[in-house]
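The lines below spell out each chain.
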Amino acid sequence: MTLKDILAPIAGDMQRVDDVIRARLSSEVVLINEIAGYIVNAGGKRLRPALVLLAGRALGSRTAEPELLAATIEFIHTATLLHDDVVDESGLRRGLKTANAVWGNAGAVLSGDFLYSRAFQMMVDTGRMGIMKVMADTTNAIAEGEVLQLMNAGDPEVTEERYLRVIELKTARLFEAACRLGGIAADQPQAVQDAIGLYGHKLGMAFQMVDDLLDYIADPSVSGKNLGTDLAEGKPTLPLIHAMRQGTPAQATLIREAIERGQVEKLQEVLETVESTGAVPYTRALAERYSREAVSALSEVPDSPYKKALVELAGYNTSRVS
């Protein structure tokens, strides 16, 4: 089953979200329109806005508010991508040149700032303090996660626990927020918002683990990302952490030095070590565990095509190839 098939129940909603995005991107500053439009229209799964819609509809919202909130989430996510690519000095994303590669670091960072501030303008339009609090806390957590990741770069001593904390802050919290916004839009009590938020959190953890795994096993022509990008940036992700833990002393030394120096020239040896130490099934199994926990969090959500899509998303994530 494809992602398009899974998201079929909200296809019309997603089209309206695109309309909101185009309308709210508008700025009198031409460069902002160019850069923000380039990134937003560059493709991607649009999972985070889809989660707002699926959660909201599954919990009973039939208004247009989830569409506005979905666009808000996409703006914040896009802003983080703009900033991440500058920090990581990335030249390619989804097979296309990054905004910083096309327009330079300053333009990319400042356009990201525009998207952040525009997102908060849109949240104010809802008049819901609960939405503002969720997103204020979330954007703060994302910033903390990015700084932690920066501190971990080039450090082979990073433990699995430290790795999990980074992905919790920089990825899972935004997935969680997307689902919480759906619960708020549906006027659900706090306990229901917490449950749907837990689904998003667990799904986000699994999503990032799969992303990190794909950096070592994906087909670049499908994923749009070169193998070893994380290694080149010195990121000690779970496949490498496990490979160091389970490998021979020589293999552990190879991985340690590759992380410390960003040694992509030894990528083939690293890939072989990741494969031989069982890092691939280990990472995938942990992602699958988080996905099962995500589905369990939906136990009190009534059956509907929207809930079915949320369940299917968890399964899709752990089997995806890009």
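To keep things clear, this report deals only with the structure shown in the data block. The shown structure was predicted, so the numbers you read here are calculated from the model rather than taken from an experiment. Residue positions are given per chain, counted from 1 along the sequence in the order it is written. For this predicted model, a pLDDT threshold of at least 70 governs which residues receive local features, and a threshold of 80 or more governs which side-chain atom pairs are given and counted, while totals over whole chains, interfaces and linings are taken from all residues. Here the side-chain values reflect all heavy atoms present in the structure, with hydrogen atoms and water set aside.

## Quick word on the nonpolar core
One finds Leu 51, Met 135, Leu 181, Tyr 199 and Leu 313 to be the most contacted residues of the largest nonpolar core, which totals 68 residues. Examining the composition of this core, we find that 10 residues originate from one element, helix H5 (residues 65-87), more than from any other. Note on contacts: a residue pair qualifies if any of its non-hydrogen atoms lie within 4.5 Å across the two residues. Sequence-distant contacts of Leu 313, that is, excluding residues within four places in its chain, are made with Leu 3, Ile 6, Leu 47, Leu 51, Leu 54, Tyr 199 and Leu 203. We call a set of buried Ala, Val, Leu, Ile, Met, Phe, Trp, Tyr and Cys residues a nonpolar core when their side-chain atoms join them within 4.5 Å. Burial classification: accessible surface area is computed with a 1.4 Å probe over protein chains only, and a residue below 20% of its type maximum counts as buried, one above 50% as exposed, and the rest as partly exposed. Only DSSP runs of H or I with at least four residues qualify as helices, and only runs of E with at least two residues qualify as strands; both kinds are numbered from the N terminus onward.

## Re the pattern of salt bridges
What makes a salt bridge here is a side-chain nitrogen of Lys or Arg within 4 Å of a carboxyl oxygen of Asp or Glu, nothing more. Applying the stated criterion to the full structure yields 23 salt bridges. Salt-bridge contacts for Asp 18 lead to Arg 46; the nearest nitrogen and oxygen are separated by 2.4 Å. In this pair, Asp 18 sits in helix H2 (residues 11-25) while Arg 46 sits in the loop between helix H3 (30-40) and helix H4 (47-58), placing the two residues 28 residues apart along the sequence.

## Focus on the packing of helix H16 (residues 279-296) against helix H17 (residues 305-319)
Helix-helix packing is characterised by the crossing angle of the two axes and by the distance between the axes. Lines fitted to C-alpha atoms define the axes, with helix axes restricted to the stretch in contact, and inter-axis angles between N-to-C directions lie between 0 and 180 degrees. Where H16 meets H17, the closest approach of the two axes is 9 Å, and the angle between their N-to-C directions is 175°. Considering the angle they form, H16 stands roughly antiparallel to H17. Every residue of H17 that contacts H16 at Arg 284, Ala 287, Glu 288, Ser 291 and Val 295 is listed here: Val 311, Ala 314, Asn 317 and Thr 318. Partitioning the contact of H16 with H17 into residue classes produces 4 nonpolar, 3 polar and 2 charged. Each angle receives one of four descriptions, namely roughly parallel if under 35 degrees, roughly antiparallel if over 145, roughly perpendicular if within 65 to 115, and oblique otherwise. Under this grouping Gly is polar, as are all residues other than the nonpolar Ala, Val, Leu, Ile, Met, Phe, Trp, Tyr, Cys and Pro and the charged Asp, Glu, Lys and Arg.

Interpretation in functional terms is not warranted from these geometric data alone.
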